[in-house]
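What follows is the residue order along each chain.
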Amino acid sequence: MGALFAILAVVALMMIGVPVVFSFAAMTFILSIVYDVEISSLMTTGFWSVNSTVLLALPLFVMTGYLMQAGGMAARLVHFVEALVGRSRSGMGSSMVVACGIFGAISGTASAAVASIGTIMIDPMEKHGYKREYTSALLGISSLLGLLIPPSITMILYAVVTRQSVTACFLATIGPGILLILVLCLMNWIKMRLQPDQPNEVLSFRQRVVEVNNNIWKAFPALMLPVIILGGIYGGIFTPTEAAAVAVAYAIPVGLFVYRELDLKKTIRCLVDAATTTGVIMVILVFSFVSSRIFTFERVPQELTELLMNIFQDKLLILLVVNIFLILLGMIMDDVSVVAIISPLLLPVMESIGVDPIHFAAIVGTSVVIGCNSPPMAPILFMTCRVGKVGMSQVMRPALGFMAFAALPVMLVTTYWSPLALYLPRVMGYLD
């Protein structure tokens, strides 16, 4: 009961505008009072829990995303994808989805994709007949591919708080991420087919080849970054943390000397932004580790497992309840908060019904995608509204359509068909 009260207190504080960090601090304080725990000793434990080499990847991947935006790499990637997919009416939307997927394979964040790709593509797409509210909604859901396509900040956090392999968690969300890309492209194609009177620029095969040839060399240095990151991780050349360091070491000279759009002032700005973002996440993690320790001492996960098993006898029903719970929390909490506090709490429930922790990583990732785009919090959707210069009321209808017919089906397939998440980790030797 005390744990439930503490979690509800966090939700209430966040809904009235209290910063996330202070909300988590309040939860820890409430738990220490309810369970009569000496908070000073546990804070030391929380500090040493974040003293992890794995967590060094967080600021480095975030920094990479900012460097891509400031150094011109994002713009070259978008232009290459446009040339590859096409400038037809449906091709422009598909270009945005694919570009967000590629961006996610480099930075692992959604906000950087919104800022970079949104500012480049929203105006040209409007000229091709796309309504700004539709484009903003598509950008919002597509940018969240950064939570699924590795390297993903969300999966790094999940791996740390649940003591799982980071690389295995990366592999688990590749299948759901690719499936979401395909479904979004299909939905966009159907939508554009229903508007045949809109402008439509169709290039011949020869024109397409020329455009791709012109843009591939401009984008080649940027395209090599995901190859280096993912190839290095899965090839066993370096760890995810080392991959993040290599990404920063690669992005800076490319922005400075190849594209020549990065300078000292922009680099310092990227460093400050990355430090600010990472600082918030790290403080949240400290309080999350302390709260998780209290939950463990007081057997809260075991009590939650027993409660759900007594109410729901069927595994499928428990999975559905967990899905709904994660979505509802995602509607009022950011993805970092959901992963940090809820994942270790629900993992024993999942293991008790035979769900692998790596499979649960994919379930959490796909559920968070829906929550991050759902009011009242909807941080990514609010950001896309600002970039797209449209009101939230205008964006809600197309956004709900993408969530209902793309993100929700992908989440359900991921939840109830485990091979989508577990096939690659098993092939790569991370699972038996």
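Here the structure is shown first, and the text comes after it.
Each value, and the rule that gives it
Residues numbered from 1 in each chain as written. Predicted model: local features only at pLDDT ≥ 70, side-chain atom pairs only at ≥ 80, totals over all residues. Heavy atoms only, no water. Helix = DSSP H or I, 4+ residues; strand = E, 2+ residues; numbered from the N terminus. Rg over C-alpha atoms; globule rule 2.2 N^0.38 Å. Buried < 20%, exposed > 50% of the residue type's maximum accessible area, 1.4 Å probe, protein only. Contact = heavy atoms within 4.5 Å. Areas by Shrake-Rupley, 256 points an atom, 1.4 Å probe, with all protein chains shown as cover. Lys, Arg positive; Asp, Glu negative; His and termini not counted. Charge placed at Lys NZ, Arg CZ, Asp CG, Glu CD. Salt bridge = Lys/Arg side-chain N within 4 Å of Asp/Glu carboxyl O. Patch = residues over 30% accessible without salt bridge, like charges linked within 9 Å, V, L, I, M, F, W, Y side chains within 5 Å. Expected span 1.5 Å × (residues − 1).

Turning to the overall build of the chain, a few remarks are in order. Within the chain one finds 21 helices and 0 strands. For a compact globule of 432 residues, the expected C-alpha radius of gyration is about 22 Å, and the chain comes in at 22 Å, within 12% of that figure. Taken over the C-alpha atoms alone, the chain extends approximately 70 × 45 × 45 Å along its principal axes. The 432 residues of the chain split such that 57% are buried. Partitioning the contacts of the chain with sequence separation of at least 6, the portion at a separation of at least 24 is 81%. Counting every atom, the chain has about 18000 Å² of accessible surface; 67% of that belongs to carbon and sulfur. Charged side chains of the chain number 23 positive and 22 negative; the gap between the two group centres comes to 13 Å.

Attention shifts here to the pattern of salt bridges. For the structure on display, the rule yields 4 salt bridges. Two residues, arginine 76 and glutamate 261, come together in a salt bridge whose shortest N-O distance is 2.5 Å. Taken together, the positions of arginine 76 in helix α5 (residues 73-85) and glutamate 261 in the loop between α13 (240-258) and α14 (264-297) put the pair 185 residues apart, joining distant regions of the chain. Owing to a relative accessible area of 32%, glutamate 261 belongs among the partly exposed residues under this scheme. Salt-bridge contacts for arginine 132 lead to aspartate 123; the nearest nitrogen and oxygen are separated by 2.9 Å. Judged by relative accessible area, arginine 132 falls into the buried class, the value being 16%. A network of salt bridges, in which partner residues are shared, links Asp123, Glu126 and Arg132.

This part covers the environment of valine 78. On the secondary structure map, valine 78 appears in helix α5. Exposure remark for valine 78: the relative accessible area of 1% places this residue in the buried category. Through-space distance from the C-alpha of valine 78 to that of leucine 171 is 25 Å; in sequence the pair is 93 residues apart. Residue contacts for valine 78: discarding those within four places in its chain leaves Ala99, Ile117, Ile120 and Met121.

Attention now moves to helix α9 (residues 153-162). Within α9, 10 of the 10 residues are buried, which leaves it mostly tucked inside the rest of the structure. Within α9 the residues assigned to the buried category are Ile153, Thr154, Met155, Ile156, Leu157, Tyr158, Ala159, Val160, Val161 and Thr162. Downstream of α9 by one or two residues, arginine 163 has phi in the positive range, about 60°.

Before going further, it helps to examine a nonpolar patch on the surface. On the surface, Leu316, Leu317, Leu320, Ile324, Leu328, Leu408, Leu412 and Tyr416 cluster together into a nonpolar patch covering about 650 Å² of accessible area. Those elements that place two or more of their residues in the nonpolar patch are α16 (315-332) and α20 (392-416). Here tyrosine 416 shows up in helix α20. By relative accessible area, tyrosine 416 is classed as partly exposed at 35%.

An ideal rise of 1.5 Å per residue puts 21 Å on 15 residues; helix α4 (residues 57-71) measures up with 20 Å between its terminal C-alpha atoms. With respect to burial, α4 is a largely interior element, 11 of its 15 residues being buried. Considered for burial, the residues of α4 that qualify are Ala57, Leu58, Phe61, Val62, Met63, Thr64, Gly65, Leu67, Met68, Ala70 and Gly71. Of the residues one or two after α4, glycine 72 is the one with positive phi, at around 90°.

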